[in-house]
Amino acid sequence: MKDETHKSQFISKNYFLPCREKEQEIIYDYIKKGLETNGNYSSLYIAGMPGTGKTACVINVINIIEQELKNNKNAKLSFDKLILSGTEYPIMSNIYIAIYKFIFENNKRIRKRNYMQKLDNFFKKREYIENKKKLDQKNPMDSHIILVVDEIDFLINKTQSLLYNLFNWTTYDYSKLIVI
C-alpha cells in the first residue's frame, strides 16, 4: 500500500501525456519492477497504430523515473538508456555495434559478427564480471540498461536473429537489461 501511495504522489507531481495516463502507468510499473529486480525477463512489446504516442509515452515515463531517482539521493537503483530506431539501421548488424559502443569505452574495431557474441557474453556473465576496467565498460556494473527499440518492424527479416537476441538477453540472470 505504501508503494502505491508513493507512486500516485510522485506521478501526480509529474505530467503524464494526456489521454495516455493508464498506458504510461503500466509502462512505469513495468520499468520500476525491472529496475528493482536484476532485469531478467524484462522485455515489453508495445504495439499500436502509427502516431498514437507509443514512443512519446515510453520516453516520458523513462524521464519521469530518471527524475524520481535523481530526487531520491538514497536510491540504489540506476540505469542508462539507449534509444534506437529501426529506421536508422538498414544494416541490422549495425544495431549490435551501436549497443556495444554504448556499453564499452573500448571501441577497437572487431568483426561485425563478433559484436553480437561479445554482447551475448556480456549479458550472460554480467553478474560475474567484477573489474570494470577489465572490460572498459562506460557504465557502472550495477547500473541497469534500458534499451528502447523504436520502429522494430523495420528489423524483421527471415531469420529474426536480431530480435531473438535482443529479447533473449533479458532472460539471462542478472542481465540488468530492460528491452522496450
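Here, every reference points to the structure presented above.
Residues numbered from 1 in each chain as written. Predicted model: local features only at pLDDT ≥ 70, side-chain atom pairs only at ≥ 80, totals over all residues. Heavy atoms only, no water.

Student: When you look at the layout of surface pockets in this model, what are you seeing that I'm missing?
Tutor: Where empty space is left in the structure can be found by rolling a water-sized probe over the atoms. Approximately 440 Å³ is the volume attributed to the largest pocket. Lining the largest pocket are 21 residues, and of these I46, K54, D150, E151 and I152 sit closest to its centre. Among the elements of the structure, α3 (54-71) and β2 (144-150) are those that each provide at least two residues to the lining of the largest pocket. A per-class count over the lining of the largest pocket returns 12 nonpolar, five polar and four charged. (1 Å grid on protein atoms, 1.4 Å probe; cavity = no way out; pocket = protein on both sides within 12 Å on 5 of 7 lines; lining within 4 Å. Points joined across faces, edges and corners; volume = space filled by probe spheres on them. Helix = DSSP H or I, 4+ residues; strand = E, 2+ residues; numbered from the N terminus. Nonpolar A, V, L, I, M, F, W, Y, C, P; charged D, E, K, R; others polar.)

Student: Got a minute to help me understand empty space enclosed by the protein in this structure?
Tutor: If you walk through the whole model with that rule in mind, you get one cavity of 30 Å³ or more. Its volume calculated, the largest cavity comes out at about 40 Å³. What lines the largest cavity is L82, I99, F102, I103, F123, I145, L147, W169 and L177. Of all the elements in the fold, those that place two or more residues in the lining of the largest cavity are α4 (93-103) and β2. Among the residues forming the lining of the largest cavity, the class breakdown is nine nonpolar, no polar and no charged.

Student: Any chance you could explain the sheet that holds strand β1 (residues 79-85) here in plain terms?
Tutor: Whenever strands of a sheet pair, they do so through backbone hydrogen bonds, lying parallel or antiparallel. With parallel pairing, the three strands of this open sheet are ordered in space as β1-β2-β3. For this open sheet the edge positions go to β1 and β3 (177-179), each flanked by a neighbour on one side alone. Here the average twist between neighbouring strands, direction ignored, is 15 degrees. Sheet analysis places β2 next to β3, joined by three bridges and oriented parallel. By the bridge assignment, L147 is partnered in β3 with V179. (Pairing = 2+ DSSP bridges. Axes fitted to C-alpha atoms, helices over the stretch in contact; angles between N-to-C directions.)

Student: Quick question: what am I supposed to make of the packing of α4 against helix α7 (residues 161-169) here?
Tutor: Between two packed helices, what matters for the description is the angle formed by their axes and the separation of those axes. Between α4 and α7, whose axes approach to 9 Å, the crossing angle comes to 30 degrees. Relative to α7, the element α4 lies roughly parallel. When the axes of α4 and α7 are compared, the crossing they make is left-handed. Packed against α4, whose contacting residues are I95, Y96 and I99, the element α7 presents S161, L162, N165, L166 and W169 at the interface. (Parallel < 35°, antiparallel > 145°, perpendicular 65-115°, else oblique. Left-handed = near helix turned anticlockwise from the far one by under 90°. Contact = heavy atoms within 4.5 Å.)

Student: Looking at this structure, how should I read unusual backbone geometry?
Tutor: Note: most peptide bonds trans; most residues except glycine with negative phi. Phi is positive for E151, close to 55 degrees, though the residue is something other than glycine. If you trace the backbone, E151 turns up in the loop between β2 and α7. A relative accessible area of 33% means that E151 is categorised as partly exposed. Phi angles above zero are rare outside glycine, and Q160 is one such case at about 60 degrees. Locating Q160 in the fold gives a position in the loop between β2 and α7. For Q160, a relative accessible area of 29% corresponds to the partly exposed category. (Buried < 20%, exposed > 50% of the residue type's maximum accessible area, 1.4 Å probe, protein only.)

Student: Teacher, can you tell me more about the nonpolar core here?
Tutor: Note that soluble globular proteins tend to have their nonpolar side chains buried in a common cluster. Among the nonpolar cores identified, the biggest contains 29 residues, and I99, I103, L119, F123, L147 and W169 are the most heavily contacted of them. Among the elements of the structure, β1, α4, α5 (112-124), β2, α7 and β3 are those that each provide at least two residues to this core. Counting residues per element, this core draws most heavily on α4, at eight residues. Excluding anything up to four places from it in sequence, L119 contacts Y96, I99, Y100, I103, F104 and W169. Grouped together as the second largest cluster of nonpolar side chains are 18 residues, F16, I62, F79 and I146 included. (Core = buried A, V, L, I, M, F, W, Y, C linked by side-chain atoms within 4.5 Å.)

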